[in-house]
Every structure is written in structure tokens, then in C-alpha cells.
Amino acid sequence: MTTRDPESVFDGHWIFETNLRPLCESVAEFTGYEFDDSDWQAIETALPATDVERDNWYNYPLLGQVPLTLLVAADPGSYVVFVRFAGEPDERTKAQIEAALHIFASWTMT
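The structure displayed is predicted, hence computed values, not measured ones. (Residues numbered from 1 in each chain as written. Predicted model: local features only at pLDDT ≥ 70, side-chain atom pairs only at ≥ 80, totals over all residues. Heavy atoms only, no water.)

A.B. asks: Break down the overall build of the chain for me, with residues and values.
C.D. replies: Along the backbone of the chain there are 3 helices and 4 strands. Tracing the chain from N to C terminus, the helices and strands come up as β-α-α-β-β-β-α. Its C-alpha atoms give the chain a radius of gyration of 13 Å, near enough to 13 Å, the size a compact globule of 110 residues would have. On the principal axes, the C-alpha backbone points of the chain span a range of 35 × 35 × 25 Å. Buried positions account for 43% of the 110 residues belonging to the chain. Long-range pairs, those at least 24 residues apart, make up 60% of the contacts in the chain between residues at least 6 apart in sequence. When the accessible area of the chain is evaluated, it comes to approximately 6200 Å², of which 50% is carbon and sulfur surface. (Helix = DSSP H or I, 4+ residues; strand = E, 2+ residues; numbered from the N terminus. Rg over C-alpha atoms; globule rule 2.2 N^0.38 Å. Buried < 20%, exposed > 50% of the residue type's maximum accessible area, 1.4 Å probe, protein only. Contact = heavy atoms within 4.5 Å. Areas by Shrake-Rupley, 256 points an atom, 1.4 Å probe, with all protein chains shown as cover.)

Encoded structure:
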């Protein structure tokens with residue numbers, strides 16, 4: 001699935017693939033969503049069928065107090081995934097997400 005509404009899709013770039021779950025958990029915390037193992041299982045299972053070069057993204061709703069949709073696509077042959085978010089977060093939440101994206105693209109979590 002692809003979400004292409006340029007007004008609602010914000011921020012996004014690559015992060016290390018090993019950081020995808022910590023990013024999801026962080027964004028869930030920022031938005032008031034209770035992210036759990038079933039959420040992660042859905043994302044982890046769908047990821048191999050995605051491909052950023054073919055514009056094939058997986059969309060996953062994070063329906064907390066600040067509703068967002070996670071868009072994620074693998075970059076085959078690399079150790080990164082591309083991440084975007086669709087929605088209209090307030091400035092504070094958007095800044096938190098931008099900071100998390102920067103951190104998870106700069107360092108790997110183990």
C-alpha cells in the first residue's frame with residue numbers, strides 16, 4: 001500500500017532496521033498509543049514484502065490520542081528501512097518524532 005497525500009505525509013527517512021521496533025514504541029509513547037507484541041508482529045511480518053525502490057510501502061495505523069499512520073518500506077540489500085508518518089500531529093509531537101528519527105538513524109540499538 002502507498003499513501004501519497006503530500007499534505008498528510010510528513011518527515012521520513014531511513015533508520016537502521018534494528019531500530020524499527022524501538023522507533024515504533026517511541027512514537028506510540030509520544031502519541032498515546034499502546035504498542036504491543038501484536039503490533040510489532042504485524043509490522044515485522046509485512047516488512048519483507050515492501051520495497052522502497054518500487055514504492056511499495058506498508059501502512060500501519062497508530063490510533064492513539066494523536067492518530068498517525070506508520071509507513072515503512074525495506075531497502076533490499078541494506079540494513080536500513082525507510083519510515084514516514086501520515087497524520088497531523090501537533091508541533092510538540094512532530095518534534096519528538098523528528099528527534100527519534102534522527103537518533104534511530106544515527107545509532108543502532110541492541
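We are not done yet, so read on.
A.B. asks: Quick rundown of the environment of Gly12? Include the residues and the values.
C.D. replies: Mapping Gly12 onto the fold places it in strand S1 (residues 9–16). Residues Gly12 and Val80, spaced 68 residues apart in sequence, show a C-alpha to C-alpha distance of 13 Å.

A.B. asks: Could you give an account of the packing of aromatic side chains, with specific residues and numbers?
C.D. replies: Scanning the model with the defined rule gives 2 aromatic pairs in all. Ring centres of Trp14 and Phe16 lie 5.4 Å apart, and the angle between their planes is 80°; this geometry places the pair in the edge-to-face category. The partly exposed category is assigned to Trp14, whose relative accessible area is 33%. Aromatic pair Tyr58 and Tyr60: ring centres 6.2 Å apart, planes at 35°, arrangement tilted. Lying over the aromatic face of Trp57, Arg84 brings its terminal NZ or CZ to 3.8 Å of the ring centre. (Phe/Tyr/Trp six-rings, centres within 6.5 Å; stacked < 30°, edge-to-face > 60°. Lys NZ or Arg CZ within 6 Å of the ring centre and 35° of its normal.)

A.B. asks: For the confidence of the model for the chain, give the residues involved together with the corresponding values.
C.D. replies: Looking at the chain as a whole, the pLDDT averages 91, with 92% of positions reaching at least 70. Considering only residues more than four positions removed or in separate chains, one finds that residues 1–7, a stretch of pLDDT under 50, has 14 contacts. (pLDDT = per-residue confidence, 0-100.)

A.B. asks: Please give an account of the side chain of Thr93 that cites residues and values.
C.D. replies: Tracing the sequence through the fold places Thr93 in helix H3 (residues 91–106). Once you skip the residues sitting within four places of it in the chain, Thr93 turns out to touch Phe30, Thr31 and Val66.

A.B. asks: How would you explain H3 if you had to name every residue and give the values?
C.D. replies: Side chains of residues three or four places apart in an α-helix project in the same direction, reflecting 3.6 residues per turn. End to end, H3 covers 23 Å across 16 residues, agreeing with the expected 22 Å (1.5 Å per residue, within 8%). When we look at burial in H3, the residues that qualify are Thr93, Ile97, Ala100, Leu101, Phe104 and Ala105. One side of H3 holds all its buried residues, which, seen down the axis, span an arc of 125°. Every exposed residue of H3 that faces more than 90 degrees away from the buried side is listed here: Glu91, Arg92 and His102. Sitting at the amino-terminal end of H3 is Asp90, which places a side-chain oxygen 3.1 Å from the backbone nitrogen of Arg92. (Expected span 1.5 Å × (residues − 1). Arc of directions from axis to C-beta. Polar contact = N/O pair within 3.5 Å; in protein donor to acceptor, adjacent residues only side chain to side chain.)

A.B. asks: With reference to specific residues and values, describe the pairing of strand S2 (residues 58–62).
C.D. replies: A regular strand carries its side chains on alternate faces of the sheet. When S2 meets strand S3 (residues 68–74), the two strands line up antiparallel, connected through 5 bridges. When the bridges of S3 are listed, Tyr58 appears paired with Val72. The hairpin turn running from S2 into S3, its antiparallel successor, is 5 residues long. (Pairing = 2+ DSSP bridges.)

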